[in-house]
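Tertiary structure, described
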Amino acid sequence: MLFGGEPTLASEQIKYFVDIVEKDLNAGLDKTVAMQLITNAVTLPEELKVQITRIINHPKMVFSVQYSTSHIKEEHDQTRIFANGEGSYDKVEKTVQEY
């Protein structure tokens, strides 16, 4: 499980970890691996999207992405705001749709 703070801000570490798992799976690891990424979905770096998309399709990988929102847009934008005062709901929605 990849969570805590905002894990996508540590995308290099996630990529490193996923690379190790992928190498083990490709080397014949006789186990199914389950991974979960919990994110606020404000940002999901392109290289991480590519890597996740690739490993999701591995037959011995179960990978899920969970994103969090605060109910409806109005409530979300009142409590989850950017430094410039704008709400983040539209950005989260865009990131999820792109993924």
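Now for a look at the structure at hand. (Residues numbered from 1 in each chain as written. Predicted model: local features only at pLDDT ≥ 70, side-chain atom pairs only at ≥ 80, totals over all residues. Heavy atoms only, no water.)

**Side note on the packing of helix α1 (residues 11-26) against helix α2 (residues 46-56)**
Closest axis-to-axis distance for the α1/α2 pair is 10 Å, and the angle between their directions is 20°. It follows from the interaxial angle that α1 and α2 lie roughly parallel. Helix-helix and strand crossings are classified by hand; for α1 and α2 the assignment is left-handed. Between α1 and α2, the contacting residues are Ser11, Glu12, Ile14, Lys15, Val18, Asp19, Val21 and Glu22 on the first element and Glu47, Leu48, Gln51, Arg54 and Ile55 on the second. Classifying every residue of the contact of α1 with α2 by side-chain character gives five nonpolar, two polar and six charged. (Axes fitted to C-alpha atoms, helices over the stretch in contact; angles between N-to-C directions. Helix = DSSP H or I, 4+ residues; strand = E, 2+ residues; numbered from the N terminus. Parallel < 35°, antiparallel > 145°, perpendicular 65-115°, else oblique. Left-handed = near helix turned anticlockwise from the far one by under 90°. Contact = heavy atoms within 4.5 Å. Nonpolar A, V, L, I, M, F, W, Y, C, P; charged D, E, K, R; others polar.)

**Notes on the environment of aspartate 77**
Note that aspartate 77 resides in helix α3 (residues 73-79). Taking C-alpha positions, aspartate 77 is 5.9 Å from serine 88, a pair spaced eleven residues apart along the chain. Excluding anything up to four places from it in sequence, aspartate 77 contacts Gly87, Ser88 and Tyr89.

**Looking at the pattern of salt bridges**
Applying the stated rule across the entire model yields six salt bridges. A salt bridge links arginine 54 to glutamate 22; its shortest N-O distance comes to 2.8 Å. Taken as a pair, arginine 54 in helix α2 and glutamate 22 in helix α1 lie far apart in primary sequence, 32 residues in all. Using a relative accessible area of 14% as the deciding quantity, one classes glutamate 22 as buried. (Salt bridge = Lys/Arg side-chain N within 4 Å of Asp/Glu carboxyl O. Buried < 20%, exposed > 50% of the residue type's maximum accessible area, 1.4 Å probe, protein only.)

**What about α1?**
Between its first and last C-alpha, α1 extends 22 Å over 16 residues, near the 22 Å set by a 1.5 Å rise per residue. All buried positions along α1 are accounted for by Ser11, Ile14, Lys15, Val18, Val21, Glu22 and Leu25. The buried residues of α1 occupy an angular sector of 130° when projected down its axis, which confines them to one face. Exposed residues on α1 whose side chains face more than 90 degrees from its buried face are Gln13, Tyr16 and Lys23. Elements that come into contact with the buried residues of α1 comprise β1 (33-39), α2 and β2 (61-67). Glycine 28, located one to two residues past α1, shows a positive phi value of around 100°. (Expected span 1.5 Å × (residues − 1). Arc of directions from axis to C-beta.)

**A few points about the nonpolar core**
Within the largest apolar cluster, 14 residues are counted, with the highest numbers of intra-cluster contacts made by Val21, Met35, Leu37, Met61 and Phe63. Within the residue set of this core, elements represented by two or more residues are α1, β1, α2 and β2. Broken down by element, the residue count for this core peaks at four residues, all from α1. Other than its neighbours up to four places away in sequence, phenylalanine 63 contacts Met35, Leu37, Ile52, Ile55 and Ile56. (Core = buried A, V, L, I, M, F, W, Y, C linked by side-chain atoms within 4.5 Å.)

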